[in-house]
Amino acid sequence: MLGSLENLVSALTKLPTIGRKSAWRLALHIMERPESEAKFLADTLVTVRQKIKRCRICYNYSEQDICDVCASASRDKSIICVVEKPTDVFTIENSGRYRGLYHVLGGLLSPLNGITAEKLQIAPFMERLRAGGVEEIIIGLGGSSDAETTSLYIAKILKDRDIKVTRFARGLPVGLELEHVDQLTLTQALNERIDVAWTR
Ligand SMILES: [Zn+2]
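Parameters and conventions
Residue numbers restart at each chain and count upward from 1, following the sequence in its written direction. In keeping with the model being predicted, local features are shown solely for residues with a pLDDT of at least 70 and side-chain atom pairs are shown and tallied solely at 80 or more, while totals for entire chains, interfaces and linings include all residues. Side-chain metrics in this entry use all non-hydrogen atoms of the structure; hydrogen atoms and water are not considered. Sites may look incomplete, because water is not among the atoms used; the donor set itself consists of N, O and S atoms within 2.8 Å of the metal (3.2 Å for Na, K and Ca). The rule is simple: four donors are tetrahedral if all their angles sit between 85 and 135 degrees, four are square planar and six octahedral if opposite donors span more than 155 degrees and the others lie between 65 and 115, and anything that fits none of that is irregular. With a 1.4 Å probe rolled over the protein chains alone, any residue whose accessible area is under 20% of its type maximum counts as buried; one over 50% counts as exposed, and the rest are partly exposed. The domain boundaries here were taken from an automatic or database domain assignment. To qualify as a nonpolar core, a set must consist of buried Ala, Val, Leu, Ile, Met, Phe, Trp, Tyr and Cys residues joined through side-chain atoms within 4.5 Å. Strands are runs of DSSP state E lasting at least 2 residues, helices are runs of H or I lasting at least 4, and numbering of each runs from the N terminus. We call two residues in contact whenever any of their non-hydrogen atoms come within 4.5 Å of each other. Two N or O atoms form a polar contact when they lie within 3.5 Å of each other; inside protein one atom must be a possible hydrogen donor and the other a possible acceptor, and for residues adjacent in sequence the pair counts only when both atoms belong to side chains. What makes two strands pair is DSSP finding at least two bridges between them. The crossover handedness rule: strands pointing away from the viewer, path from first strand over the helix to second strand clockwise, crossover right-handed.

## Some words on the coordination of the zinc ion
Only C55 (SG), C58 (SG), C67 (SG) and C70 (SG) from the protein reach the zinc ion as donors, at distances of 2.3 Å. Because the angles between the four donor atoms bound to the zinc ion fall within 106 to 115 degrees, the donor set is best described as tetrahedral. All donors of the zinc ion come from a single chain, and their spacing in sequence reads C-x2-C-x8-C-x2-C. Here C67 and C70 have matching classes, each one buried.

Printed below as a string of structure tokens:
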């Protein structure tokens, strides 16, 4: 009898951190609000999926072919911060302390799960470097073991280039994803970034 309501609940449980109990609460909330609000929510979801694409330079989300960061004249184009996913760009942008550009890998290397370099946006990254003008790469990946593997991989492919390679300094908790790092720690890690040691 309540098939459509249950469909909504099961759709909501597909969202991160939403269990069945929260999903029911949200579904009932939507039922109790004016129909226009439900329509607005539904339309917004569809529109955002249709409009947002990947920036063709940095692979961050963008409504244009080139995102606001890449298109901005006030950003320092000699620095690129390599991150795992678009939410990391939002996290770093929110710190308000970074003026360089980004490159979104679209994941982390994970040989055991079949995630190889070819599945990430590493080739376009190398192409950006070949275009010239980049003086520093900040490896802005989190503290998980896949992040560590990816950081080392990137450091290795940059080794013979005349580019300074740094990574976030101390303070990033081991195993934690960037989006869960608090603002102060992130700002500190960004300000005190360290050269990648080639000896490892
Ligand atoms: Zn971009």
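## Here's the deal with the domain arrangement of the chain
Domain annotation for the chain reports domain 1 (3-51) and domain 2 (73-195). Placing the centre of domain 1 and that of domain 2 at their C-alpha centroids yields a distance of 34 Å.

## Here's the deal with the nonpolar core
With 42 residues, the main nonpolar core has I92, F125, L129, I137 and F168 as its most contacted residues. Among the elements of the structure, α4 (68-71), β3 (76-83), α5 (86-95), β4 (100-104), α6 (122-130), β5 (136-139), α7 (145-157) and α8 (183-191) are those that each provide at least two residues to this core. Ranked by residue count, the leading element in this core is β3, at five residues. Apart from residues no more than four positions distant in its own chain, F125 is found in contact with I80, V82, H103, I137, I154 and L158. Core analysis: the next-biggest nonpolar cluster, separate from the first, contains six residues, V9, L12, A23 and A27 among them.

## Let's talk about the side chain of T91
When you line up the elements, T91 lands in helix α5. Here T91 falls in the buried class, since its relative accessible area comes to 13%. A polar atom in the side chain of T91 sits 2.9 Å from the backbone oxygen of T87. Once residues within four sequence positions are removed from consideration, T91 is found in contact with L178, E179, Q183 and L186.

## Comments concerning the pairing of strand β6 (residues 164-167)
Working note: regular strand, side chains alternate between the two faces of the sheet. Alignment of β5 against β6, held across four bridges, turns out to be parallel. In the sheet register, I137 faces β6, and the bridge partner there is V165. In this fold, the crossover linking β5 to β6 by way of α7 has right-handed handedness.

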